[in-house]
Amino acid sequence: MKGRSPDEWVEFAKKVLDIEVEGILEVKKNLDREFYSVLKLLASCKGRIVVTGIGKSGLVGRKIAATLSSTGTPAFFLHPVEGAHGDLGMIQKEDVVIAISNSGETDELNAIIPVLKSLGLKIVALTAKRDSTLAKMSDFVLSIYVPREACTLNLAPTASTTATLALGDAIAVSLTRWKEFKKEDFKRFHPGGDLGRRLSMDINEIMQRDNLPIVSLNTKLKDAIELIDKGGLGCVIVVDEKNRLKGIITDGDVRRMVVKNILDLNGIVKDFMTKNPRFGREGETGARMLDIMEQAEITVLPVVDDNMVVKGIVHLHDLLGKGRLTFNGL
């Protein structure tokens, strides 16, 4: 294989793209009036669209949720595992769920569907198998079946994820026409001038420096939780005697302690903290901070100097411009 000519590799790549196109055309062929029913459901949703899936389907789901939100349909991504460990508390009875699983037999996803249905939510399944467990539990099913994957082993999700992504775009774009979403609306949801400026700034100009929620390694967990509650940032930063970053405890960590029944208010934070947490460095840009947050799926980040001494903290709101980004036209 390595000995092939440049032209042969170009032809190979074209064959991969042909298979990707083949997959999209198959999804197009299988699209029927069920799509209209789904569109009507999503357009009339009084809450938000909750997109969920795991693995590659989860990655595609995040993009679908982002596209929906940016084109006038409030949406967010829910990880099935996190949902099973407390995040289902974010769900409202007015929401609608889009559940993505190529096989329809993803245990982690299927485990939360009955709970969502018990809350009265409608479930839209994107799956390749209409007789799957997911499909049978759902109110509506849209096929994402593709004849084959572009992977030479026919194993890695390639054509199937591309086709699912394309179907998600078809849903989002159709909703923009249904809702008569205009250029003015799109600009309102993409305040790129201010956002771009903030993301290009040195983090030293954005981060919070005063009244930081900092505790020592031997602080009682009870006191740390009280500080989380008062601080408004959803976390406490744990430092040693030289103010060097050692760990972090977030409100999500506390929730998971409760679920696992390991919460000990008389314990000390070093036994419960997340060790070696993600952090930003002085001199880095807001865009770099946002990248770290997105990769780690977190909303707050300690900022340290070259000696790991904590110098500040940055919240997602600091990067996006709290109070600057409005989405209701007011």
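Relevant structure appears above.
Owing to the predicted nature of the structure, the values given are computational and were not obtained by experimental measurement.

Counting buried positions along strand β7 (residues 235-239) yields 5 of 5 residues, so the element is predominantly enclosed. Alternating positions in β7 separate into two faces, C235, I237 and V239 on one and V236 and V238 on the other, with burial throughout. Examined bridge by bridge, strand β6 (residues 214-216) and β7 share 3 bridges and lie parallel to one another. Among the inter-strand pairings, V215 is bridged to a residue of β7, identified as V238. Between the parallel pair β6 and β7, the chain is carried across by helix α10 (residues 221-231), and the sense of this crossover is right-handed. The pairing of β7 with strand β8 (residues 245-250) spans 5 bridges and is classified as antiparallel. Within the sheet, the bridge partner assigned to V236 lies in β8 and is I249. Between β7 and β8, which pair antiparallel in sequence order, lie 5 residues; one of them, N243, sits at a positive phi of approximately 65°.

Time to look at the sheet that holds strand β10 (residues 280-281). Spatially, β10-β11-β12 is the arrangement adopted by the 3 strands of the open sheet, whose pairing is mixed. Where the open sheet ends on each side, the last strands, each with one partner, are β10 and β12 (310-315). For β10 and strand β11 (residues 300-304), the ladder comprises 2 bridges, and the chain directions are parallel. Note that in β11 the partner of G280 across the bridge is V303.

Another aspect to go through is the sheet that holds β7. The sheet built from 4 strands is open, its strands ordered β6-β7-β8-β9 with mixed pairing. Each end of this open sheet is capped by a strand with a single partner; those strands are β6 and β9 (274-275). Pairing between β8 and β9: 2 bridges, direction antiparallel. Residue pairing across strands places G247 opposite K275, the latter belonging to β9. Running at roughly 130° to β7, α10 makes contact with β6, β7 and β8 of the sheet.

This next bit is on unusual backbone geometry. Non-glycine residue N211 carries a positive phi angle of around 50°. Along the polypeptide, N211 turns up in the loop between α9 (192-200) and β6. Despite not being glycine, M308 shows a phi value in the positive range, around 70°. With respect to the helices and strands, the residue M308 is situated in the loop between β11 and β12. Given a relative accessible area of 22%, M308 falls into the partly exposed group.

To continue, consider the side chain of T164. Along the polypeptide, T164 turns up in helix α7 (residues 159-178). Note on T164: relative accessible area 4%, which makes it buried. Apart from residues lying up to four places away in sequence, T164 is in contact with V60, I64, I100, L126 and I144.

Here is what the cut-offs are and how they apply
- Residues numbered from 1 in each chain as written.
- Predicted model: local features only at pLDDT ≥ 70, side-chain atom pairs only at ≥ 80, totals over all residues.
- Heavy atoms only, no water.
- Buried < 20%, exposed > 50% of the residue type's maximum accessible area, 1.4 Å probe, protein only.
- Helix = DSSP H or I, 4+ residues; strand = E, 2+ residues; numbered from the N terminus.
- Pairing = 2+ DSSP bridges.
- Right-handed = clockwise from strand over helix to strand, strands pointing away.
- Contact = heavy atoms within 4.5 Å.
- Axes fitted to C-alpha atoms, helices over the stretch in contact; angles between N-to-C directions.

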